[in-house]
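Here are the chains, one letter per residue:
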Amino acid sequence: MNSGELLYEGKGKRIFSTPDPEQVVMSYKDEATAFDGAKKGIIKDKGIVNNRISALLYAMLAEQGIATHLVKVLDERNVVVKKLAMIPVEVVVRNRLAGSLAKRLGREEGDVLNPPVVELFYKSDALHDPMISESVAVAMGWATELQLQKMKEQALRINHILKEFFDGIGIILVDFKLEFGYYQGQLLLGDEITPDGCRLWDKVSLQKMDKDRFRRDLGGEEEAYQEVARRIETALALPQGCRMNNAVNRRGGLIGPDRRYTVFKANIYVTLKPGVLDPQGEAVKNSLHVLNYPNVEEVRIGKYIQVLLQGEDRATAQRELEEMSDKLLANPVIEDYRVEIVEVE
Ligand code: AIR
């Protein structure tokens, strides 16, 4: 699938070059690792499911004003992203006590952390991603104080958005890890947000729906990841497994696996045919006269309809919109309509 050069291979993804030096392809693998690579395995179709989950969440975050590296989904395992200069600092946000923090404090998992905790880790498998302070990151030249402040701010905003979203699909967002990088001077959210890098607990049963199932040999990781994807897709009203159609990404126009879609925004103006009586217009005209606008000669009232639709090309979209107008949006016996595609995203 990838014709580009392999630039980097991580534990969960490969990065390939594209003809555009500013962009790369991120390719999700089924391989699962834990404990910084010490434990290895395969979670069937994890790459496909993670691609779906991450692209949907990033598209949602983008809609809420979070700048991310996502450009477009290529196919079921591959996305095009902006090529970032990565900051080797992992930002972890925690809403509940779990994982390494629970261990550090010698406590059971589960307590609510209020306000949420933000922690920084140095991204290094060899060193097992040690926790670092901000001043270490600054002194080592990994990030400036200002950059770290922006990263933490973004991380908390992302937490706010995701926590609420997951809550709505019956999932507790316990904690998660983010990575950031720079692109043309701009701080962007990079990497992925998937059950590989989040702790997700079912709100009712408190069952784990994330990589802890694999880390702790609980089994059922494949089903758990699928269930997370299913709930996200249901919440975003997407046909399941449709692999991100455009409904979620008005900004970037996500692309499905086998067909290329664009989102078209259309304005449809429906007006009465000349000569057709317009009682509503007449009434408004009379009222305007009463309000002391005696120079109004005629008022004719129409409808303005906005439609967002996805289509393979503009001509097809135009044809479909005209069909819709004929069938439903206008009454062709007494009304004219004009379809105007104003924006192609
Ligand atoms: N994480 C951190 N480094 C790699 C990953 N995947 C994620 C974990 C967990 C959160 O960061 O998946 O959701 C906190 O991890 P920990 O081990 O510090 O408790």
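Keep in mind that what you see is a predicted model, and the values were worked out from it rather than measured.

Here the focus is the nonpolar core. Among the nonpolar cores identified, the biggest contains 55 residues, and V79, V91, L173, L200 and V228 are the most heavily contacted of them. Among the elements that take part in this core, helix α1 (residues 46-63) stands out by supplying nine residues, more than any other. Those residues within four positions of V228 in sequence are excluded, and the remaining contacts are I53, P195, L200 and M209. Membership of the second largest hydrophobic core comes to eight residues, among which are V263, A266, L321 and A330.

Its place among the elements puts Q306 in strand β15 (residues 303-311). Sequence separation between Q306 and A266 is 40 residues; the distance between their C-alpha atoms is 5.8 Å.

Let's shift gears to the sheet that holds strand β1 (residues 6-9). Pairing in this open sheet of five strands is antiparallel, and the strands run β1-β2-β3-β7-β6 from one edge to the other. At either margin of the open sheet sits one strand with a lone partner, and together these are β1 and β6 (70-73). Across the sheet, the mean angle from the axis of one strand to that of its neighbour is 25 degrees, orientation sign disregarded. Both strand β3 (residues 23-28) and strand β7 (residues 78-82) contribute to a ladder of five bridges, which runs antiparallel. By the bridge assignment for β7, V25 is matched with V80. Taken strand by strand, α1 contacts β3, β6 and β7, and its axis lies near 130 degrees from that of β6.

The next subject is the packing of α1 against helix α6 (residues 221-235). Where α1 meets α6, the axes come as close as 10 Å, and the angle between the chain directions of the two elements is 30 degrees. As far as their axial angle goes, α6 and α1 are roughly parallel. For the pair α1 and α6, the sense of crossing is left-handed. Taking contact as the criterion, the partners of K46, V49, R52, I53 and L56 in α1 are, on α6, Y225, Q226, V228, A229 and I232. Split into classes, the residues belonging to the contact of α1 with α6 amount to seven nonpolar, one polar and two charged.

All right, on to the site of the ligand then. Near the ligand lie 15 residues; those nearest to it are G99, S100, K177, G197 and R199. Among the elements of the structure, β8 (85-96), α2 (99-105), β11 (171-183) and β13 (198-202) are those that each provide at least two residues to the shell around the ligand. Partitioning the shell around the ligand into residue classes produces five nonpolar, three polar and seven charged.

On to the environment of E76. Mapped onto the elements of the fold, E76 is located in the loop between β6 and β7. The class for E76 is partly exposed, based on 19 C-beta atoms found within 10 Å. With 31 residues separating them in the primary sequence, E76 and D45 have C-alpha atoms 9.9 Å apart.

Size of an interface: often given as the accessible area lost when the parts come together. Taken domain by domain, the protein chain holds domain 1 (6-249) and domain 2 (262-344). If you average the C-alpha positions of domain 1 and of domain 2, the two centres end up 45 Å apart.

About the thresholds
- Residues numbered from 1 in each chain as written.
- Predicted model: local features only at pLDDT ≥ 70, side-chain atom pairs only at ≥ 80, totals over all residues.
- Core = buried A, V, L, I, M, F, W, Y, C linked by C-beta atoms within 7 Å.
- Buried ≥ 20, exposed ≤ 12 C-beta atoms within 10 Å, placed from the backbone.
- Helix = DSSP H or I, 4+ residues; strand = E, 2+ residues; numbered from the N terminus.
- Contact = placed C-beta atoms within 7 Å.
- Pairing = 2+ DSSP bridges.
- Axes fitted to C-alpha atoms, helices over the stretch in contact; angles between N-to-C directions.
- Parallel < 35°, antiparallel > 145°, perpendicular 65-115°, else oblique.
- Left-handed = near helix turned anticlockwise from the far one by under 90°.
- Nonpolar A, V, L, I, M, F, W, Y, C, P; charged D, E, K, R; others polar.
- Near = placed C-beta within 6 Å.
- Domains from an automatic or database assignment.

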